[in-house]
Amino acid sequence: QVQLVESGGGLVQAGGSLSVACAASGRTFSRYKMGWFRQAPGKEREFVAAISWSGGSTAYADSVKGRFTISRDNAQNTVYLQMNSLKPEDTAVYYCAAGVVGGSFDFWGRGAQVTVSS
């Protein structure tokens, strides 16, 4: 079991930057792949970024590639999402997720609101 708590986010103007962090409980954090997903009002939850257990491999949605960076600190049991050049369409609740390697994302945080004004 992994418990995830997001922090950060907030309100920023278009073109600005924000970051969100996700703190995980448990001693096996380094065994999990981690991901960020988001859900905008009236839309389905969508994949944003993922990072392997070691941090050596990352993946991004095309919509955020080149603007967002996912990273992790296994010593601190934390995964981060740095968001630059934000656009109004990035406005959403951002969720942290964890999953075993080769499996689905089974553990989810409660989300952090990110609002980008135009």
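Above this note sits the structure.
About the thresholds
Residues numbered from 1 in each chain as written. Predicted model: local features only at pLDDT ≥ 70, side-chain atom pairs only at ≥ 80, totals over all residues. Heavy atoms only, no water. Salt bridge = Lys/Arg side-chain N within 4 Å of Asp/Glu carboxyl O. Buried < 20%, exposed > 50% of the residue type's maximum accessible area, 1.4 Å probe, protein only. Helix = DSSP H or I, 4+ residues; strand = E, 2+ residues; numbered from the N terminus. Disulfide = S-S within 2.5 Å.

A. Layout of the pattern of salt bridges. The tally for this structure, following the rule as stated, stands at four salt bridges. Residue Glu46 pairs with Arg38 through a salt bridge whose shortest N-O separation is 2.6 Å. By relative accessible area, which is 5% here, Arg38 ends up buried. In this structure, Asp90 and Arg67 form a salt bridge, with 2.7 Å as the shortest nitrogen-oxygen distance. Of this pair, Asp90 sits in the loop between β8 (78-83) and β9 (92-100) while Arg67 sits in the loop between β6 (58-60) and β7 (68-73); the two residues are 23 residues apart in sequence, bridging distant segments of the chain. Like Asp90, the residue Arg67 is buried in the burial classification. If you follow the salt bridges from partner to partner, you end up with Arg38, Glu46, Arg67 and Asp90 in one network.

B. Region of interest: the state of the cysteines. Inspection of every chain in the model, using the stated rule, returns one disulfide. Disulfide partner of Cys22: Cys96, at an S-S distance of 2.1 Å. Looking along the S-S bond of the Cys22-Cys96 disulfide, the torsion reads about -80°, which is the left-handed sense. Of the two residues, Cys22 sits in strand β3 (residues 18-24) while Cys96 sits in strand β9, which places them 74 residues apart along the sequence. Taking the relative accessible area as the measure of exposure, Cys96 reaches 0% and is therefore buried.

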